[in-house]
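Next come the chains, spelled out residue by residue.
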Amino acid sequence: MKRLSALSVSVCLFGLLLAFGFLAGPAQAAEQQPFFVHFVVVPAVLPDGSDASPIILEFKKAALKLAGGYTELGSCQGGSLVDGKVVDRENVSFIIGAKKDISQELKAISIKLFKGSDAFILAWPGKVIF
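Just so we're clear, the structure is a prediction, and the values are computed from it rather than from any experiment.

Caption draft 1: Molecular detail of helix α3 (residues 103–114). With 12 residues, α3 extends 16 Å from end C-alpha to end C-alpha; this agrees with the ideal 16 Å at 1.5 Å per step. The set of residues buried in α3 consists of Ser103, Leu106, Ile109, Ser110, Leu113 and Phe114. On an axial view of α3, the arc spanned by its buried residues comes to 125 degrees, and they lie on one face. Opposite the packed face of α3, turned more than 90 degrees from it, sit the exposed residues Gln104 and Lys112. Tucked into the core, α3 has its buried residues touching β1 (33–43), α2 (53–67), β3 (85–98) and β4 (120–128).

Caption draft 2: Seen up close, the packing of α2 against α3. Here α2 crosses α3 at 155 degrees, and the two axes come no closer than 10 Å. Taken together, the axes of α2 and α3 lie roughly antiparallel to each other. Between α2 and α3 lies a crossing of right-handed hand. On the side of α2, the interface is formed by Ile55, Ile56, Glu58, Phe59, Ala62 and Leu66, while α3 contributes Glu105, Leu106, Ile109, Leu113 and Phe114. Its residues assigned to classes, the contact of α2 with α3 comprises nine nonpolar, no polar and two charged.

Caption draft 3: Region of interest: the pairing of β3. In this structure, β1 lies alongside β3, joined through eight bridges in antiparallel fashion. The residue of β3 that forms the bridge with Pro43 is Asn91. By the bridge criterion, 11 bridges tie strand β2 (residues 71–82) to β3 in an arrangement that is antiparallel. Each bridged residue has a counterpart across the sheet, and for Leu81 the counterpart in β3 is Val86. Taking the residues between adjacent antiparallel strands as the criterion, β2 and β3 are bridged by two residues, where Asp83 takes a positive phi near 50 degrees.

Caption draft 4: Seen up close, the sheet that holds β3. Taken in spatial order, the four strands make up an open sheet running β2-β3-β1-β4, and their pairing is antiparallel. Edge positions in the sheet fall to β2 and β4, since each of these pairs with one other strand and no more. The mean inter-strand angle of the sheet, taken between neighbouring strand axes irrespective of direction, is 30 degrees. Each of β1, β2 and β3 is contacted by α2, which is oriented at about 30 degrees to β3, the strand it contacts most. In this fold α3 packs onto β1, β3 and β4, with an angle of close to 20 degrees to the strand it touches most, β1.

Here is what the cut-offs are and how they apply
- Residues numbered from 1 in each chain as written.
- Predicted model: local features only at pLDDT ≥ 70, side-chain atom pairs only at ≥ 80, totals over all residues.
- Heavy atoms only, no water.
- Helix = DSSP H or I, 4+ residues; strand = E, 2+ residues; numbered from the N terminus.
- Expected span 1.5 Å × (residues − 1).
- Buried < 20%, exposed > 50% of the residue type's maximum accessible area, 1.4 Å probe, protein only.
- Arc of directions from axis to C-beta.
- Contact = heavy atoms within 4.5 Å.
- Axes fitted to C-alpha atoms, helices over the stretch in contact; angles between N-to-C directions.
- Parallel < 35°, antiparallel > 145°, perpendicular 65-115°, else oblique.
- Left-handed = near helix turned anticlockwise from the far one by under 90°.
- Nonpolar A, V, L, I, M, F, W, Y, C, P; charged D, E, K, R; others polar.
- Pairing = 2+ DSSP bridges.

In short, shape yes, function no, at least from these values alone.
This is how it looks when you write it as structure tokens:
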């Protein structure tokens, strides 16, 4: 019997690892599921100047019921143009994932809760792996 050289053993092992990598790749891709990503920005301050923290807590509860979870990205600042002047606004931003586009539901919730200062919502389709 011939002995295998270290080089041929290395080539065989590399080939096996490469083949395993190709076989494992499609299995991981098959686990991906369609998903919608919602970037949501809500006001941290209500139109009357009061703190929106209690309402943000209600928004979080509604997001949990609607989507099953959320990721709070935290405080952020935005601006808008009012009478030709830039008005800065304090906000809180979230990422909310769902199996379908829930933009309209999130918008309705924000209008109900924030009474005049509704959310900015940006949604796009994606894929998720749990």
